[in-house]
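Listed here are the chains, written in short residue letters.
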Amino acid sequence: MNDMTPTREQRTAALEGMGCKRKRVEDIRFTQGKGNYVDDVKLPGMLHGDFVRSPHPHARVKKIDDSEALKVPGVLAVITAETLKTVNLAWMPTLAGDVQMVLADGKVLFQNQEVAFVVATDRYAADDGINKVVVEYEPLPPLVDPFKSMDADAPVLREDLAGKTTGAHGPRKHHNHIFEWTVGDKELTDAAFKKAEVSIKEMISYHRTHPSPLETCQCVCSFDKIKGELTIYGTFQAPHVIRTVVSLIAKLPEQKIHVIAPDIGGGFGNKVGAYPGYICAAVASIVTGKPVKWVEDRIENLTATSFARDYHMTTEIAATKDGKVTGLRVHVLADHGAFDACADPSKWPAGFFNIVTGSYDFPTAHLAVDGVYTNKAPGGVAYRCSFRVTEAAYCIERAMDILAQKLNMDPAELRLKNFIKPEQFPYHSALGWEYDSGDYHTAMRKMMETTDYAALRKEQAEKRAAFARGETREIMGLGVSFFTEIVGAGPSKNCDILGISMFDSCEIRMHPTGAGIARMGTKSQGQGHETTWAQIIATEIGIPADNIMVEEGNTDTAPYGLGTYGSRSTPVAGAAIAMAARKIRAKAQMIAAYKLEVHEDDLEWDIDGFRVKGLPEKFMSMKDICWAAYNSVPPGMEPGLEAVSYYDPPNMTYPFGAYLCVMDIDVDTGVYKVRRFYALDDCGTRINPMIIEGQVHGGLTEAFAIAMGQEIRYDDTGNVVTGSFMDFFMPTAVETPHWETDFTVTPSPHHPIGAKGVGESPNVGGVPAFSNAVNDAFSFLGSTHIQMPHDYWRNWKAAKQLGAVA
Ligand code: PCD
Ligand SMILES: [Cu+]
């Protein structure tokens, strides 16, 4: 060996594999404005469609007159429910087993609901056409408050369901009831409460909000009459699912549907579902024979496509005097809006909300969820929520603080006392999950030491005394949050969408020169998959990440996958990638054995190739093996080097984290300052620490937005009052706090590379940390729970109600 021979460290570094802070390859195009988004798709002769929307939240549609609209220059067609009925598409199935109007059929059920679709030569003409469509409405009483939805005299919203006493998830108790879902042992839990030395009860609401990605939902549909083929470019987080759904509802053969999700400007769950815009653009293209583009504007996005949360959680904890939890009882009233269009795996009407026991060893628990209809937009699973895990984490983390307050215990100490212990993993929760791995005590203690939690509590006590003496008008809050996430939907035993198991996939094809292309069933919307997926392959097969091209989002080339949401890509596709790479390596080993003239078992893997055991100079690099795969494979072996893997995970993964928010609030103005925010995340094996940090920063910023002001609010008449960025809080760099990140590593025992998801964690853990900080600040004035969002006005109002301001 000469001096030029690279060291093992240099060879490893050259791969830029797992653990490397590899720079994001996609950013080369994004930072130069060279991304290719749906709105960049411009096809010859392309038309534009736009919606007439209802100003009323609840009304009968008496008549739609399009005669004047059709006279507008450039307007070619006005599509209504009547048009759609001719092709059986006036209603579409939702992922939650309900049906949803594509265009208003006799009635509208929420403000801004789609009523008619105007198709024109350009967007402006379409807009002019919209203004000329005359719709005659007969307003009906709106139902806004979910708590009144099951009143005896509540208006009937869904006339199409008249007389139906069962829905997709069992019996319905009322004409506005969707489902009741119960989990856990009711008797045992009731008994625990009877015996309880201490208990708390609080109605904890997680308000309605919206993911509002930078790029709104949009598509271009192009129907080729001659070939009978439909090509759909769209902002799809799950392109294959869209292809299957379109095939099923439009009765087009699946091979004749090409779904392409190009670059996506943020998804956050907003782009999982199927929207009327997609159906209308497809029908318009079939009718006109021209490509049709549909692009939502911001107000449409905020008010009509997939809201998030709107969970009202009556929460009770039973405990002993010294702070050991003995039971948890939760009732949720879930406001699903006008149609149940929640994008959960089929069997889970309330998603994975039954992770609500959190990080604590509850001997027993019982949960009941009632889903109800109101005159609001449909949706329900979006915005970094992992299928209602954000709601569950908020519920339990707020409740633990309330219990700590009642017991006069420190909230961090109460948590430490009740954590599931490291030796209890795999841990079976009272509500039915098997937590794969965790070390909660270590994470919590690291958070407490790094932030000097004890000193902060001391400072708080001093400030409270000073406040009492009238020396300051500022109060200080410490928001502790310790969350357990459940991501990686999911095992076919309990997760499917429309009957398709929630596996994911990867196909790797190596080229002769030691480069390759890898395709997955997932679809990045900004997460950086092009960077990280190549890193997994680099480590697994010893080819530099730079030599692996990652391609997602084209259903013609990618293997079938269920898409990217619920932080499932790393737990599911990440595993498929490792498994496909291992198949490549297994074949490579046979080729290397043949070339080095030894038995396969005499070879050992060494960073970027195979070495003959005990003969270090006999080595064949993976690059050379790629070449050999195309010219000298062992007799009887097929040439080439490619592999595909479909991975059905044996379990979910359970990332966790310890967060602390330090906040100061001025009681006279309600103005708060986030002095410090510390976030420790454990997502098992870390693929790209820089990307993880970016994910955490992004998720915390969204958590900050939600907890401190962001809200989709309806007034009593069913009017959305926060339907634009004038009113919907969108934090910029000015408002956003500074984030301190940290980590521990507890690998997932069942995942091939030990990785868990991380993308949703900061939102799951962040919201309770902010809300607990506000509540902790006010608690010494006698409050137990202040509802989110905690904007200045509400903080001031709380201070006033608590007698802190005159
Ligand atoms: N351990 C680990 C984990 C992870 N990672 C990384 O990180 C990321 C993420 O991941 P995940 O967790 O697995 O996830 P995904 O699946 O991929 O994704 C999803 C998520 O993601 C997040 N993030 C983000 N970012 C961006 N940029 N954009 C967007 O849109 C978004 N979104 C959001 C959401 S909302 Mo949902 O949908 O609601 O359900 S869900 C979600 C990627 O890249 C990966 O690779 C690493 O590195 N490592
Ligand atoms: Cu989610």
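Keep in mind it's a predicted model, so treat the numbers as computed, not measured.

Here's the deal with the overall build of the protein chain
So, step 1. The helix and strand inventory of the protein chain stands at 18 helices and 35 strands.
So, step 2. In terms of overall size, the protein chain behaves like a compact globule, its C-alpha atoms giving a radius of gyration of 28 Å where 806 residues would be expected to give roughly 28 Å.
So, step 3. Relative to its full complement of 806 residues, the protein chain shows a buried share of 63%.
So, step 4. Restricting the contact set of the protein chain to residue pairs at least 6 apart, pairs at least 24 apart contribute 79%.
So, step 5. As displayed, the protein chain has an accessible area near 29500 Å², and 55% of this comes from carbon and sulfur atoms.
So, step 6. The average position of the 81 basic charges and that of the 101 acidic charges among the side chains of the protein chain differ by 1 Å.

Focus: the packing of aromatic side chains
So, step 1. The final tally for this structure, using the stated rule, is 38 aromatic pairs.
So, step 2. Between F352 and F387 the ring centres are 5.3 Å apart and the planes differ by 70°, which places this aromatic pair in the edge-to-face class. Here F352, found in the loop between β18 (325–335) and β19 (365–372), pairs with F387, found in the loop between β20 (379–380) and α9 (389–407); they are 35 residues apart in sequence, far enough to count as distant.
So, step 3. On the basis of relative accessible area, F352 is assigned to the buried category, the value being 1%.
So, step 4. Consider the rings of F467 and F780, whose centres lie 5.8 Å apart with planes at 80°: the pair is edge-to-face. Here the residue F467 occupies a position in helix α12 (residues 453–468), and F780 occupies one in the loop between α17 (761–779) and α18 (792–801), the gap between them amounting to 313 residues.
So, step 5. These aromatic residues form a ring-pair network of at least three members: F483, Y659, Y672, F677, F704, F729, W739, F770 and Y792.

Observations regarding the coordination of the copper ion (ligand 2)
Octahedral six-donor coordination of a metal ideally yields angles of 90 or 180 degrees, compared with 109.5 degrees for tetrahedral four-donor coordination.
So, step 1. Listed as protein donors to the copper ion (ligand 2) are C385 (SG) and S386 (N); their distances from the metal cover 2.6 Å. For the residue pair C385 and S386, the accessibility class agrees, reading buried in each case.

Here's the deal with the sheet that holds strand β30 (residues 609–612)
Hydrogen bonds between backbone groups are what pair the strands of a sheet, and the pairing can be parallel or antiparallel.
So, step 1. One open sheet accounts for three strands, arranged β29-β30-β31; its pairing is antiparallel. For this open sheet the edge positions go to β29 (603–605) and β31 (615–621), each flanked by a neighbour on one side alone. Taking each pair of neighbouring strands and ignoring which way they run, the sheet shows an average axis angle of 35°.
So, step 2. In this sheet, β31 lies alongside β30 in antiparallel orientation, the contact comprising four bridges. Along β31, the bridge assignment pairs F610 with M620.
So, step 3. Most of the contacts of helix α14 (residues 569–596) go to β30, to which it runs at about 45°, and overall it touches β29, β30 and β31.

Considering helix α15 (residues 622–629)
So, step 1. When we look at burial in α15, the residues that qualify are M622, I625, C626, A628 and A629. The buried residues of α15 occupy an angular sector of 165° when projected down its axis, which confines them to one face.
So, step 2. Tucked into the core, α15 has its buried residues touching β26 (504–510), α13 (529–541), α14, β29, β30 and β31.

Digging into the nonpolar core
Where a protein is soluble and globular, its nonpolar side chains tend to be buried together.
So, step 1. Residues F353 and F770 are the most contacted members of the largest nonpolar core, which totals 185 residues.
So, step 2. Per-element accounting of this core gives the leading share, 12 residues, to α9.
So, step 3. Those residues in contact with F770 that sit more than four places away from it in its chain are C661, M663, V674, F677, L700, A703, F704, A707, M708 and W739.
So, step 4. Core analysis: the next-biggest nonpolar cluster, separate from the first, contains 46 residues, M510, A518, M520 and A592 among them.

Section: the site of ligand 1
So, step 1. Not every one of the 36 residues close to ligand 1 is listed here, only the nearest: G267, G566, T570, Q695 and V758.
So, step 2. G566 has a polar backbone atom sitting 2.6 Å from an oxygen atom of ligand 1.
So, step 3. Elements with a contribution of two residues or more to the shell around ligand 1: α13, α14 and α16 (689–708).
So, step 4. Residue composition of the shell around ligand 1, grouped by class: 13 nonpolar, 19 polar and four charged.

Thoughts on the sheet that holds strand β8 (residues 134–139)
So, step 1. Judged by pairing direction, the sheet is antiparallel, and its three strands sit side by side in the order β6-β2-β8 without closing on themselves. The open sheet has two free edges, formed respectively by β6 (107–108) and β8, since each of these has just one partner strand.
So, step 2. By the bridge criterion, two bridges tie strand β2 (residues 59–65) to β6 in an arrangement that is antiparallel. Of the residues in β6, the one forming a bridge with R60 is K107.

Overview of the pattern of salt bridges
Side-chain pairs of opposite charge can arise where the charged atoms are in close proximity.
So, step 1. Summed over all chains, the structure comprises 57 salt bridges.
So, step 2. R29 is the partner of D263 in a salt bridge, and the nearest nitrogen-oxygen pair spans 2.7 Å. In this pair, D263 sits in the loop between β15 (257–260) and α7 (276–288) while R29 sits in helix α2 (residues 27–30), placing the two residues 234 residues apart along the sequence.
So, step 3. The shortest N-O distance in the salt bridge between D310 and K376 comes to 3.9 Å.

Concerning the packing of helix α10 (residues 411–418) against helix α11 (residues 440–451)
So, step 1. Running from amino to carboxyl end, α10 crosses α11 at an angle of 160°, the nearest separation of the two axes being 10 Å. In terms of their interaxial angle, α10 and α11 are classed as roughly antiparallel. The way α10 lies across α11 gives a crossing that is left-handed. Contacts between α10 and α11 involve A412, E413, R415 and L416 from the first element and H441, M444, R445 and M448 from the second.

With respect to the confidence of the model for the protein chain
So, step 1. Overall, the predicted model of the protein chain reaches an average pLDDT of 97, with 100% of residues at or above 70.
So, step 2. Under the prediction, the complex receives an ipTM of 0.99, its pTM being 0.98.

With respect to unusual backbone geometry
So, step 1. Cis peptide bonds are those with omega within 30 degrees of zero, and the linkage from A489 to G490 qualifies with -25°.
So, step 2. Residue placement: G490 occurs in the loop between β23 (474–484) and β24 (496–497).
So, step 3. Phi is positive for F268, close to 55°, though the residue is something other than glycine.
So, step 4. Assignment of secondary structure puts F268 in the loop between β15 and α7.
So, step 5. Of note, N408 is a non-glycine position whose phi angle comes to about 60°, a positive value.
So, step 6. For N408, the location among the structural elements is in the loop between α9 and α10.

Brief notes about the pairing of strand β27 (residues 516–520)
So, step 1. Across the five residues that make up β27, a large majority, five, are buried.
So, step 2. Examined bridge by bridge, β26 and β27 share five bridges and lie antiparallel to one another. Among the inter-strand pairings, E507 is bridged to a residue of β27, identified as R519.
So, step 3. If you look at the hairpin formed by β26 and β27, you'll find five residues sitting between the two strands, and G514 has a positive phi there, around 85°.
So, step 4. Looking at chain direction, β27 and strand β28 (residues 548–552) are connected through five bridges and run parallel. Within β28, the residue paired with I517 across the bridge is M549.
So, step 5. With respect to chirality, the unit in which β27 leads through α13 into the neighbouring parallel β28 is right-handed.

Cut-off values and rules
Residues numbered from 1 in each chain as written. Chains lettered and ligands numbered in written order. Predicted model: local features only at pLDDT ≥ 70, side-chain atom pairs only at ≥ 80, totals over all residues. Heavy atoms only, no water. Helix = DSSP H or I, 4+ residues; strand = E, 2+ residues; numbered from the N terminus. Rg over C-alpha atoms; globule rule 2.2 N^0.38 Å. Buried < 20%, exposed > 50% of the residue type's maximum accessible area, 1.4 Å probe, protein only. Contact = heavy atoms within 4.5 Å. Areas by Shrake-Rupley, 256 points an atom, 1.4 Å probe, with all protein chains shown as cover. Lys, Arg positive; Asp, Glu negative; His and termini not counted. Charge placed at Lys NZ, Arg CZ, Asp CG, Glu CD. Phe/Tyr/Trp six-rings, centres within 6.5 Å; stacked < 30°, edge-to-face > 60°. Donors = N, O, S within 2.8 Å, 3.2 Å for Na, K, Ca; no water. Pairing = 2+ DSSP bridges. Axes fitted to C-alpha atoms, helices over the stretch in contact; angles between N-to-C directions. Arc of directions from axis to C-beta. Core = buried A, V, L, I, M, F, W, Y, C linked by side-chain atoms within 4.5 Å. Near = heavy atom within 4 Å. Polar contact = N/O pair within 3.5 Å; in protein donor to acceptor, adjacent residues only side chain to side chain. Nonpolar A, V, L, I, M, F, W, Y, C, P; charged D, E, K, R; others polar. Salt bridge = Lys/Arg side-chain N within 4 Å of Asp/Glu carboxyl O. Parallel < 35°, antiparallel > 145°, perpendicular 65-115°, else oblique. Left-handed = near helix turned anticlockwise from the far one by under 90°. pLDDT = per-residue confidence, 0-100. Right-handed = clockwise from strand over helix to strand, strands pointing away.

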